[in-house]
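# Topology and contacts: notes
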Amino acid sequence: MSEADSAVASFPIPGPTPATPRARKPDWIRVKAPMGVAFAETRDLMRRLNLATVCEEAACPNIGECWTKKHATVMILGDTCTRACAFCNVKTGMPRAIDALEPQHTADAAAELGLQHIVITSVDRDDLPDGGASQFVKVIEALRRTTPNTTIEILTPDFRNKAQAAVESIIQARPDVYNHNLETVPRLYPTIRPGARYYASLRLLESVKRHDPSIFTKSGMMMGLGEDRLEVHQVMDDMRSADVDFLTLGQYLQPTPRHAKVIDFVTPASFNAYAGIARAKGFLLVASSPLTRSSYHAGDDFAKLRAARAEKLAREGRAVRP
């Protein structure tokens, strides 16, 4: 047990609230319906440029807030995934051919939205020889050409059986943040994330740092799928062993009755307690709340992440690599 785990007695985590599959959501995770001129303008821009967003495809509860601020997370490689994870609302099937205009359209969207920070994610494309890594590279390159002052965060799949070459090619393009979510605890992978392997995802995150320590790494978990407290602590320890900088924890919400059930609605107090444990374990930054998602407030969080690293290096008497 780590020093952080031993602190639980003085930093208790209240128990989660039980829920049935169709239970009424607690007040702390209710959000306003999307509306307004800015929301419509963001939606229309994505339609005009033929871009998919994870905001829509994954039914993100924060879409109203983010799109009203003209923040959108572009989902490249189409809108159809080759896997069928039990938690995910993105449609599954045989994807269409890659859109050659998608990289430049993504950069054009960033320019029109005036984004200082952009998050790029994708569906899984197990049908492609490189898993779609080359499209990530092209998007990063298009953004650097078109909006050179925009910082770039990518959220990639695991590139199953192609990870080493795929990740190396993306690292060479030098995104500012490399995110890959572990999603849940290892025990739940067979039912929640059956197409993935927990330790393969950990190795992916570790390989980013091994190849380029200057790239921030980030990973997240969904809470409320039946994980227990010590399992969550162990995942935190595994992430820190892979030198992950930024941890996100958010409540899982069942998209439809055919998806995995919500086992618990984790309380805000529990999320705060998990955040304290994670900070004690050494993460540079932690975002932990019921509505936290990988790209929620990503721009503000990137500024905090960069400041936290600069402060740490200053304490250690080292310089920040440009």
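These lines cover the structure that appears in this document, whether it is placed above or below. Only a predicted model underlies this, so the values are computations on that prediction, with no experimental measurement involved. (Residues numbered from 1 in each chain as written. Predicted model: local features only at pLDDT ≥ 70, side-chain atom pairs only at ≥ 80, totals over all residues. Heavy atoms only, no water.)

### Brief notes about the overall build of the protein
Under the convention used in this document: Numbering of helices and strands runs from the N terminus, with a helix taken as a DSSP run of H or I at least four residues long and a strand as a DSSP run of E at least two residues long. Any two residues whose heavy atoms approach within 4.5 Å at even a single point are treated as in contact. Only the protein chains shown count as covering a residue, and every accessible area follows the Shrake-Rupley method with a 1.4 Å probe.
Along its length, the protein carries 12 helices and 10 strands. Look at the contacts in the protein between residues 6 or more apart in sequence, and 76% of them connect residues 24 or more apart. Roughly 14700 Å² of accessible area belongs to the protein as shown, and the carbon and sulfur atoms make up 54% of that amount.

### Focus: the pattern of salt bridges
A pair can form between side chains of opposite charge whenever their charged atoms are brought close. Quick reminder of the rule: We count a salt bridge whenever a side-chain nitrogen from Lys or Arg sits within 4 Å of a carboxyl oxygen from Asp or Glu. Each residue's exposure class comes from its accessible area (1.4 Å probe, protein chains only) as a fraction of the maximum for that residue type: buried when under 20%, exposed when over 50%, partly exposed otherwise.
Counted by the stated rule, this structure contains 18 salt bridges. Here Asp-124 ties to Arg-83 by a salt bridge, and the two come within 3.7 Å at their closest N and O atoms. Of this pair, Asp-124 sits in the loop between strand S4 (117-122) and helix H6 (133-146) while Arg-83 sits in the loop between strand S3 (74-76) and helix H5 (102-113), and the two are 41 residues apart along the sequence. Judged by its relative accessible area of 13%, Asp-124 falls in the buried class. Of the charged contacts, one joins Arg-83 and Asp-126 as a salt bridge, the two residues approaching to 2.8 Å between their closest N and O atoms. Remark: Asp-126 occurs in the loop between S4 and H6 and Arg-83 occurs in the loop between S3 and H5; sequence separation between them is 43 residues. Where salt bridges share partners, they join Arg-83, Asp-124, Asp-126, Asp-158 and Arg-160 into one cluster.

### A look at empty space enclosed by the protein
Formally: Here a cavity denotes a set of grid points, spaced 1 Å apart and computed over the protein atoms alone, in which a 1.4 Å probe fits but from which it cannot get out, and a pocket denotes an open set meeting protein on both sides within 12 Å along at least five of seven lines; residues with an atom within 4 Å of a point are reported as lining. Grid points are joined across faces, edges and corners, and a volume is the space filled by probe spheres set on the points. Gly counts as polar in this scheme, as do all residues outside two lists: the nonpolar Ala, Val, Leu, Ile, Met, Phe, Trp, Tyr, Cys and Pro, and the charged Asp, Glu, Lys and Arg.
Enumeration over the complete set of coordinates arrives at one cavity of 30 Å³ or more. Of the pockets and cavities examined, the largest cavity occupies roughly 40 Å³. Residue lining of the largest cavity: Arg-83, Asp-124, Arg-125, Asp-126, Gly-131, Pro-157, Asp-158, Phe-159, Arg-160 and Lys-162, and that is the complete set. Looking at the lining of the largest cavity, its residues break down into two nonpolar, one polar and seven charged.

### Describing the packing of aromatic side chains
What counts is decided by this rule: For this analysis, a ring pair means two rings from Phe, Tyr or Trp (six-membered ring only for Trp) whose centres lie within 6.5 Å, classed as stacked if their planes differ by under 30 degrees, edge-to-face if by over 60, and tilted for the remaining angles.
In the structure shown here, the tally under the stated rule is four aromatic pairs. Each ring, one from Phe-136 and one from Phe-159, has its centre 6.3 Å from the other, and the planes form 85 degrees; the classification is edge-to-face. Placement of the pair is Phe-136 in helix H6 and Phe-159 in the loop between strand S5 (151-155) and helix H7 (163-173), with a sequence separation of 23 residues. When sorted by exposure, Phe-136 lands in the same class as Phe-159, which is buried. Measuring from centroid to centroid gives 4.9 Å for Tyr-198 and Tyr-199, while their planes differ by 90 degrees, and the two rings are edge-to-face. What links up through ring pairs into an aromatic cluster is the set Tyr-189, Tyr-198 and Tyr-199.

### Quick notes on the pairing of S5
As a reminder, the rule being used: Any two strands with at least two DSSP bridges between them are considered paired. Handedness rule for crossovers: strands pointing away from the viewer, path from the first strand over the helix to the second running clockwise, crossover right-handed.
Among the five residues that make up S5, five are buried, leaving the element largely enclosed by the rest of the structure. Across the two faces of S5 the burial is the same, with Thr-151, Glu-153 and Leu-155 and Ile-152 and Ile-154 all buried. For S4 and S5, the ladder comprises five bridges, and the chain directions are parallel. Looking at S5, one finds that Thr-121 is bridged to Leu-155. The parallel pair S4 and S5 is bridged by H6, and the resulting crossover is right-handed. This β-α-β element, S5 to H7 to strand S6 (residues 177-179), shows right-handed connectivity.

### Regarding the pairing of S4
The buried fraction of S4 amounts to six of the six residues, a majority that puts the element mostly inside the structure. Burial of the side chains of S4 extends over both faces: His-117, Val-119 and Thr-121 are buried on one face and Ile-118, Ile-120 and Ser-122 on the other. In terms of strand pairing, S3 meets S4 through three bridges, oriented parallel. Bridging across to S4, Met-75 finds its partner in Thr-121. Regarding topology, H5 serves as the crossover connection from S3 to the parallel S4, and that connection is right-handed.

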